[in-house]
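So the chains spell out like this:
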Protein chains: 2
Amino acid sequence: MALLFHTTPARLPIWQKLFAEAGEPFIAGEDAVTDPAEVTAIACWTPPDLSRYPNLRLVLSVGAGVDHLPALPQGVALARTLAPGIEAMVRDWVVMATLMLHRDMPLYIDQAGRGEWRTHPVRLSTSRRVGIMGMGRIGGLVAGSLQALGFDVAGLSRTGSTGTVPMFAASQRDAFLARSDLLICLLPLTPETRGILNAETLAKLPAGAGLIHAGRGAHLDAQALRAALDAGHLSAAMLDVTDPEPLPTEHWIWSDPRIIVTPHIAAQTDALEGARHALTVMQALRQGAPIPGLVDQARGY
Amino acid sequence: MALLFHTTPARLPIWQKLFAEAGEPFIAGEDAVTDPAEVTAIACWTPPDLSRYPNLRLVLSVGAGVDHLPALPQGVALARTLAPGIEAMVRDWVVMATLMLHRDMPLYIDQAGRGEWRTHPVRLSTSRRVGIMGMGRIGGLVAGSLQALGFDVAGLSRTGSTGTVPMFAASQRDAFLARSDLLICLLPLTPETRGILNAETLAKLPAGAGLIHAGRGAHLDAQALRAALDAGHLSAAMLDVTDPEPLPTEHWIWSDPRIIVTPHIAAQTDALEGARHALTVMQALRQGAPIPGLVDQARGY
């Protein structure tokens, strides 16, 4: 019963040390496998050929997302990495991006490129309605931070209410969109959410709305976003995810002044935090305890 | 006993209506003055010739700042506009700017201009020490918001401690600077603070530090900032204030990728909030009550 490490080699020393200290069996990459039957779990972003491991019980994504993984063989569980750092990092990016749209930074950055000193009316955060699609742990953190800054925050969730944030159910999606001056997407990518930010959805936002996207590139129909910006219906967007990634140098999004792109850096898993989570997962697996970060593979998150 | 309105004409209807409803004497501009002896207070950004008004008792700045005003005649009080909106607006800009430096936005915006998808290590807010120069009401708001996001915040103040924020006294300025990975300037402009962000001060910041400046342009020696950036000692800066303002189109700051400038828009006084404050000031003046926003003219703020 051992974990096979199959990810960024730069992280190996940190993982190796932590597992050695805990006395937890650890295999440092496929080249180090002597008996494939010993491998019960694999930590990876892109998995190896899983058919080689007859006793595989679990695949652990080394990131928060699992949508990049293929369907796993029957009986193999899937977990994602939970690390306090990941959630705080995404929160920081989303709060920053929301404030940047609230305070017209795409406009000011575009003006600065021309050396243009021109002011626009400043609005109070209390006058802005923020809508969050995807009210999981990160959505809850983001909602709390934006409420503390005075924004009028609501969430959309199929799994019901979260603390002090007014929640809209899936059946109330149109009403939710109609009140989202700043729409934040934190959804997981599933067959149901693929392409969810499309012409129809964007048209339901109030005039002048902005989009903050930290979900997955495939949630967004970029041509629909461009059309909504061209029509003046949307004002601006902050994207941390694109389709494809990396976004090619010649892609029109880079040069659209209404859109600011960051290269999928809302969060990175800290090597030590990731290793700690993996260790907890292996200990839970050994003890038959609930696996932290276990993914419902039918639901997709 | 009347207030002379001597500011942006666009705001006149709002002030006029509010003063009329309150039955408070109001003179709509110098052209409307019939007897200069009636004028006891003047609301302005740039004052008129004050020697015309023998019974003047108070000048009210229609913004939060008063450093642009000349010395007033003996016996004339000075007040600045306090409006909840101003403080929240500055807080929003400063929190945004701090997050933008924390998350390397100058770097990512520069890369985006070249269509370059390249990631840099993400740091946790808990690993960043923020230093706030100027711990007045706005400084306190900013400190609270940044602490809630996990930043390690300290303040520098000549007037002592503020709530839960660790405070450094003026005599501990070097120690304060040495721990400020992100330095925020919210100081009022006075003879003591003019040029305070100079080569010597910036050299005391830790390597890689960033500057967030929402004080006044004259606090900052821009050439010293450029030298510190060129030397790699500072990483980036967010400036809402410059010297001069407007910043001329051909100024080097506009095209320096390490500096992001906004055109003095951290806050704007909402016309109604400004008028309400002026009304409160006039009522206090009439009743001999403490004047809200009264400025210590010897101290300069």
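**Here's the deal with the sheet that holds strand E6 (residues 129–133) of chain B**
Residues and elements named next belong to chain B.
Now for step 1: The strand order across the open sheet built from 7 strands is E8-E7-E6-E9-E10-E11-E12, with neighbouring strands paired in parallel fashion. This sheet does not close on itself; its edge strands, each paired only once, are strand E8 (167–168) and strand E12 (259–261).
Now for step 2: Pairing between E6 and strand E7 (residues 152–156): 5 bridges, direction parallel. In the sheet register, Val-130 faces E7, and the bridge partner there is Val-153.
Now for step 3: Those strands touched by helix H4 (residues 137–148) are E6, E7 and strand E9 (182–185), and its axis lies near 170° from that of E6.
Now for step 4: Across the sheet, helix H7 (residues 222–230) lies against strand E10 (209–213), strand E11 (234–239) and E12, angled at about 145° from E11, the strand it touches most.

**With respect to the relation of the copies chain A and chain B**
Now for step 1: Once turned by 180° and shifted 0.0 Å along the axis, chain A lies on chain B with an RMSD of 0.1 Å. As the rotation angle and translation indicate, the two copies are arranged about a two-fold axis. Looking at the rotation axis and the C-alpha trace of chain A, the residue lying nearest is Met96(A), at 2.7 Å.

**What to know about the interface of chain A and chain B**
Now for step 1: Taken together, the contact pairs 48 residues of chain A with 48 residues of chain B.
Now for step 2: With both sides pooled, the region where chain A packs onto chain B buries about 3800 Å², and carbon together with sulfur makes up 72% of that total.
Now for step 3: Our count for the contact surface shared by chain A and chain B stands at 0 salt bridges.
Now for step 4: Linking chain A to chain B there are 15 residue pairs in polar contact (both at pLDDT 80 or more).
Now for step 5: Counting residues per element, the ones that place at least two in the side of chain A that touches chain B are helix H2 (84–102), helix H3 (105–113), helix H4 (137–148) and strand E12 (259–261) of chain A.
Now for step 6: For the side of chain A that touches chain B, the element with the most residues is H2(A), which contributes 11 residues.

**Describing the domain arrangement of chain A**
All names here are of chain A.
Now for step 1: Assigned domains within chain A: domain 1 (2–83 + 269–287) and domain 2 (85–261).
Now for step 2: Relative placement of domain 1 and domain 2: their C-alpha centres are 33 Å apart.
Now for step 3: Contact with domain 1, which involves 9 residues of that partner, is made by 6 residues of domain 2.
Now for step 4: Surface buried jointly by domain 1 and domain 2 totals about 660 Å² across both partners, of which 52% is contributed by carbon and sulfur atoms.
Now for step 5: Among the residues domain 1 hides against domain 2, the three largest losses belong to Asp-67, Leu-82 and Ala-83. Together they make up 58% of the total.
Now for step 6: Linking domain 1 to domain 2 there are 1 salt bridge.
Now for step 7: Ionic pairing is found between Asp-67 and Arg-216, a salt bridge with its closest N-O pair at 2.8 Å.
Now for step 8: Its residues placed into classes, the side of domain 1 that touches domain 2 shows 4 nonpolar, 3 polar and 2 charged.

**Quick notes on the packing of helix H1 (residues 12–22) of chain A against helix H9 (residues 271–287) of chain A**
All names here are of chain A.
Now for step 1: Viewed as axis vectors pointing N to C, H1 and H9 meet at an angle of 40°, and their least axial separation amounts to 9 Å. When the interaxial angle is binned, H1 and H9 end up oblique. Crossing geometry of H1 relative to H9 is assigned as right-handed. The segment H1 lies against H9, with Ile-14, Trp-15, Leu-18, Phe-19 and Ala-22 engaging Ala-271, Leu-272, Gly-274, Ala-275, Arg-276, Ala-278, Leu-279, Met-282 and Gln-283.
Now for step 2: Among the residues forming the contact of H1 with H9, the class breakdown is 11 nonpolar, 2 polar and 1 charged.

**Here's the deal with H7(B)**
Residues and elements named next belong to chain B.
Now for step 1: When we look at burial in H7, the residues that qualify are Ala-224, Leu-225, Ala-228 and Leu-229. Taken down its axis, H7 places every buried residue within 135° of arc, on the same side.
Now for step 2: The opening residue of H7, the one whose side-chain oxygen lies 3.1 Å from the backbone nitrogen of Gln-223, is Asp-221.
Now for step 3: Gly-232 lies just past H7 and shows a positive phi near 75°.

**Here we look at the pairing of strand E7 (residues 152–156) of chain A**
Residues and elements named next belong to chain A.
Now for step 1: Counting buried residues along E7, 4 of its 5 residues qualify, which places the element largely inside the surrounding structure.
Now for step 2: Crossover strand E6 (residues 129–133) to E7 through H4 is right-handed.
Now for step 3: Summarising the sheet, E7 and strand E8 (residues 167–168) pair through 2 bridges and their orientation is parallel. Among the inter-strand pairings, Gly-155 is bridged to a residue of E8, identified as Met-167.

**Some details on the pattern of salt bridges**
Now for step 1: Applying the stated criterion across every chain yields a total of 32 salt bridges over all chains.
Now for step 2: Salt-bridge contacts for Arg286(B) lead to Glu24(B); the nearest nitrogen and oxygen are separated by 2.7 Å. Of this pair, Arg286(B) sits in helix H9 (residues 271–287) while Glu24(B) sits in the loop between helix H1 (12–22) and strand E2 (26–27); the two residues are 262 residues apart in sequence, bridging distant segments of the chain.
Now for step 3: Here Glu24(B) falls in the buried class, since its relative accessible area comes to 8%.
Now for step 4: Within the structure, one salt-bridge network assembled from shared partners comprises Asp110(A), Arg114(A), Glu116(A) and Arg118(A).

**Observations regarding H2(A)**
Now for step 1: Helix length check: H2(A), at 19 residues, gives a terminal C-alpha distance of 27 Å against a target of 27 Å (1.5 Å per residue), a fit within 8%.
Now for step 2: Among the 19 residues of H2(A), 18 are classified as buried, and the element is accordingly described as predominantly covered.

**So, the nonpolar core**
Now for step 1: In terms of nonpolar packing, the biggest core is built from 76 residues, with Trp93(A), Met100(A), Trp93(B) and Met100(B) touching the most fellow members.
Now for step 2: When sequence neighbours within four positions are dropped, the list of residues in contact with Trp93(B) reads Arg103(A), Ile212(B), His213(B), Ala214(B), Met238(B), Leu239(B), Asp240(B), Thr262(B), Ile265(B) and Ala266(B).

**Concerning the packing of aromatic side chains**
Residue and element names in this part refer to chain A.
Now for step 1: Inspection of every chain in the model, using the stated rule, returns 12 aromatic pairs over all chains.
Now for step 2: Seen in terms of ring centroids, Phe-5 and Trp-15 are 5.2 Å apart; in terms of plane orientation they differ by 70°. Their pairing is edge-to-face. Of this pair, Phe-5 sits in strand E1 (residues 2–6) while Trp-15 sits in helix H1; the two residues are 10 residues apart in sequence, bridging distant segments of the chain. Just as Phe-5 is buried, Trp-15 falls in that class too.
Now for step 3: Taken together through their ring pairs, the aromatic side chains of Phe-5, Trp-15, Phe-19 and Phe-26 make up a single cluster.
Now for step 4: Residue placement shows Arg-226 over the ring face of Trp-252; its charged tip is 4.0 Å from the ring centre.
Now for step 5: The cationic tip of Arg-299 hangs over the ring face of Tyr-301; the distance from NZ or CZ to the ring centre is 4.0 Å.

Quick notes on the rules
- Residues numbered from 1 in each chain as written.
- Chains lettered and ligands numbered in written order.
- Predicted model: local features only at pLDDT ≥ 70, side-chain atom pairs only at ≥ 80, totals over all residues.
- Heavy atoms only, no water.
- Pairing = 2+ DSSP bridges.
- Helix = DSSP H or I, 4+ residues; strand = E, 2+ residues; numbered from the N terminus.
- Contact = heavy atoms within 4.5 Å.
- Axes fitted to C-alpha atoms, helices over the stretch in contact; angles between N-to-C directions.
- Least-squares fit on C-alpha atoms with pLDDT ≥ 70 in both.
- Buried area = accessible area lost by both parts, 1.4 Å probe.
- Salt bridge = Lys/Arg side-chain N within 4 Å of Asp/Glu carboxyl O.
- Polar contact = N/O pair within 3.5 Å; in protein donor to acceptor, adjacent residues only side chain to side chain.
- Domains from an automatic or database assignment.
- Nonpolar A, V, L, I, M, F, W, Y, C, P; charged D, E, K, R; others polar.
- Parallel < 35°, antiparallel > 145°, perpendicular 65-115°, else oblique.
- Left-handed = near helix turned anticlockwise from the far one by under 90°.
- Buried < 20%, exposed > 50% of the residue type's maximum accessible area, 1.4 Å probe, protein only.
- Arc of directions from axis to C-beta.
- Right-handed = clockwise from strand over helix to strand, strands pointing away.
- Expected span 1.5 Å × (residues − 1).
- Core = buried A, V, L, I, M, F, W, Y, C linked by side-chain atoms within 4.5 Å.
- Phe/Tyr/Trp six-rings, centres within 6.5 Å; stacked < 30°, edge-to-face > 60°.
- Lys NZ or Arg CZ within 6 Å of the ring centre and 35° of its normal.

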